[in-house]
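# Secondary and tertiary structure notes
Each chain, written out:
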Amino acid sequence: MSKASAPGSRRRFLRAGGSALAGAALAPAIAAAQNKTETPLAGQAQPLEVAPWSKTPGEPVLWQPYGQPSSFEKNVVRRSRAAAPFAGANSSMTPLQDLHGIITPTGLVFERHHSGIPLIDPERHRLAVHGLVARPTLFSMDDLVRLPSVSRIHFLECSGNTGREWKGPGTASLQFSHGLLSCCEWTGVPLSVVLDEVGIDPQGAWILAEGADAAGMTRSIPVSKALDDALLVYAQNGERLRPEHGYPLRLFLPGFEGNMSVKWLRRLKVGREPFMSREETSKYTDSLPDGTARQFTFLMETKSVITFPAPDHRLRQPGFYEISGLAWTGRGRIKRVDVSTDGGRNWSAAALQEPVLDRALTRFRLPWRWDGAPAVLQSRAVDEGGYVQPTGRQLVAARGLESGYHFNAIQSWKVAADGVITNVQV
Ligand SMILES: Nc1nc2c(c(=O)[nH]1)N[C@H]1C(S)=C(S)[C@@H](COP(=O)(O)O)O[C@H]1N2
Ligand SMILES: [Mo]
């Protein structure tokens, strides 16, 4: 046996391990422990308790044929603002405060439905492609899944995300302020492949996409986007779409507002002009102070938010914390994220977790020692084109207070001396 198992060696082993692992934060405590025989740290060298779950065999294989999180994680769930007139026309939010890395687990992906979740039989589902095409075609799911496919990791954000922050802090939690946001691996057929199959007329400039839900949601998509990187998606994070995300087929437009990624897709009609549907005239336009509105604001702008610490957390004591958050842009890749702990006076560049993907969430991190004094935490994303995430004041100066969509301002979280965190505007 090795030296580590010799009598009396356990404490030396722990000390060595402790010293090797300790950063500057732990070094003084370890030095103190090494100088005394009985200290709180030396107490940690007592034999491990043998817990009840170590004494009997555990649950059998196939305990849960479809795996579920630990019951100790039962608070990590989507949440919804209640009190919509019809529960089907509502949304639920992703618990960003509890997530790690960049992929959103499918069961925690936010939902936005205009008329509930249709339960569609994939055998009976058809996609009609017609209008200015040489060969109008009805595709079955089997027809589509046979075609050449791709998988891409992209964020999906509702353009109404953070809409309540236009007029100052509107929500008391990260989940409710920024939770209409997710990032998944999407698998499907490039729309360009299907348009090639049907022979799109050179006069075609716009495509109407229609959902099979009771809302019959429709949006006009520029043909340039359709031929570039639009996907007809049937799988998400490795499995077929869930009903709430468009099973069996949805459109997916990387970097564009979530509303255009029409779920339960049943029809694509090619035309010369945009179709001026409800969702691109009375809704999903941005009212300006002079009474006009911006229309067809497809791109989701460069944005970021600190996900830890956030109002959904409370800091128990001063000391070391890792500030962590997410940045994303419909324009391409994130180049830099700056973090401030003093309300924007000083900024430090955060570390970006690789891989930094095109139009995906990017995780950033910055070590922080909280001294126990009030602090205001902010993050500011810069994309590869040099666009800098604006302040709320800059955004309001440019667009006024009538808009509900496309609010991408810097978010401020205030940490009070008691560790309580609130949403503030500075
Ligand atoms: N057919 C249809 N497609 C739809 C919607 C809808 O209600 N019906 N909601 C849209 C909106 S507003 C958003 S933000 C996204 C949400 O996608 P998710 O529920 O998969 O997160 O789907 C879009 N596609
Ligand atoms: Mo949306």
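In what follows, the structure referred to is the one given above.
The structure reproduced in this document is the subject of the present report. (Residues numbered from 1 in each chain as written. Chains lettered and ligands numbered in written order. Predicted model: local features only at pLDDT ≥ 70, side-chain atom pairs only at ≥ 80, totals over all residues. Heavy atoms only, no water.)

## With respect to the site of ligand 1
Taken together, 20 residues are adjacent to ligand 1, and Phe110, His114, Asp213, His245 and Lys263 come closest. Take His114: an N or O atom from its main chain is 2.7 Å from an oxygen atom of ligand 1. Between ligand 1 and Lys263, the relevant distance is 2.5 Å, taken from an oxygen atom to a side-chain nitrogen or oxygen of the residue. Here ligand 1 has 530 Å² of accessible area as a free molecule, and 100% of this is covered by the chains. Among the cavities detected, the one that contains ligand 1 is the largest cavity. Ranked by residues supplied to the shell around ligand 1, first place goes to strand β2 (residues 111-113) with 3 residues. A per-class count over the shell around ligand 1 returns 7 nonpolar, 7 polar and 6 charged. (Near = heavy atom within 4 Å. Polar contact = N/O pair within 3.5 Å; in protein donor to acceptor, adjacent residues only side chain to side chain. Areas by Shrake-Rupley, 256 points an atom, 1.4 Å probe, with all protein chains shown as cover. 1 Å grid on protein atoms, 1.4 Å probe; cavity = no way out; pocket = protein on both sides within 12 Å on 5 of 7 lines; lining within 4 Å. Sits in = over half its atoms within 2 Å of the grid points. Helix = DSSP H or I, 4+ residues; strand = E, 2+ residues; numbered from the N terminus. Nonpolar A, V, L, I, M, F, W, Y, C, P; charged D, E, K, R; others polar.)

## Re unusual backbone geometry
The peptide bond linking Tyr247 to Pro248 adopts the cis configuration, its omega dihedral lying at 5 degrees. The topology assignment puts Pro248 in the loop between β10 (239-240) and β11 (250-252). Of the consecutive residues Glu354 and Pro355, the connecting peptide bond is found in the cis state with omega at 0 degrees. With respect to the helices and strands, Pro355 occurs in the loop between β19 (351-352) and β20 (362-370). Here Phe296, not a glycine, exhibits a phi torsion of approximately 55 degrees, which is positive. Judged by relative accessible area, which is 21%, Phe296 ranks as partly exposed. (Buried < 20%, exposed > 50% of the residue type's maximum accessible area, 1.4 Å probe, protein only.)

## Examining the sheet that holds strand β17 (residues 334-340)
If you trace the 5 strands from one edge of the open sheet to the other, you get β18-β17-β21-β22-β23, paired in antiparallel fashion. Edge positions in the open sheet fall to β18 (348-349) and β23 (421-424), since each of these has one partner strand only. In this structure, strand β21 (residues 375-383) lies alongside strand β22 (residues 412-415), joined through 4 bridges in antiparallel fashion. Following the sheet pairing, Ala375 is matched in β22 by Val415. (Pairing = 2+ DSSP bridges.)

## With respect to the sheet that holds strand β3 (residues 126-131)
To summarise the sheet geometry, strands pair through backbone hydrogen bonds and adopt either a parallel or an antiparallel arrangement. Strand order in the open sheet formed by 5 strands is β4-β3-β12-β7-β8, and the pairing between neighbours is mixed. Sheet topology places β4 (137-140) and β8 (218-222) at the edges, where each strand pairs with a single neighbour. Pairwise comparison of adjacent strand axes, ignoring direction, gives a mean angle of 20 degrees for this sheet. Summarising the sheet, strand β7 (residues 206-211) and β8 pair through 5 bridges and their orientation is antiparallel. (Axes fitted to C-alpha atoms, helices over the stretch in contact; angles between N-to-C directions.)

## Topic: helix α6 (residues 191-198)
Those residues of α6 not exposed but buried are Leu191, Val194, Leu195 and Val198. In a view along the axis of α6, the buried residues occupy a sector of 100 degrees, so they form one face of it. Positive backbone phi, approximately 75 degrees, marks Gly199, located one or two places after α6. (Arc of directions from axis to C-beta.)

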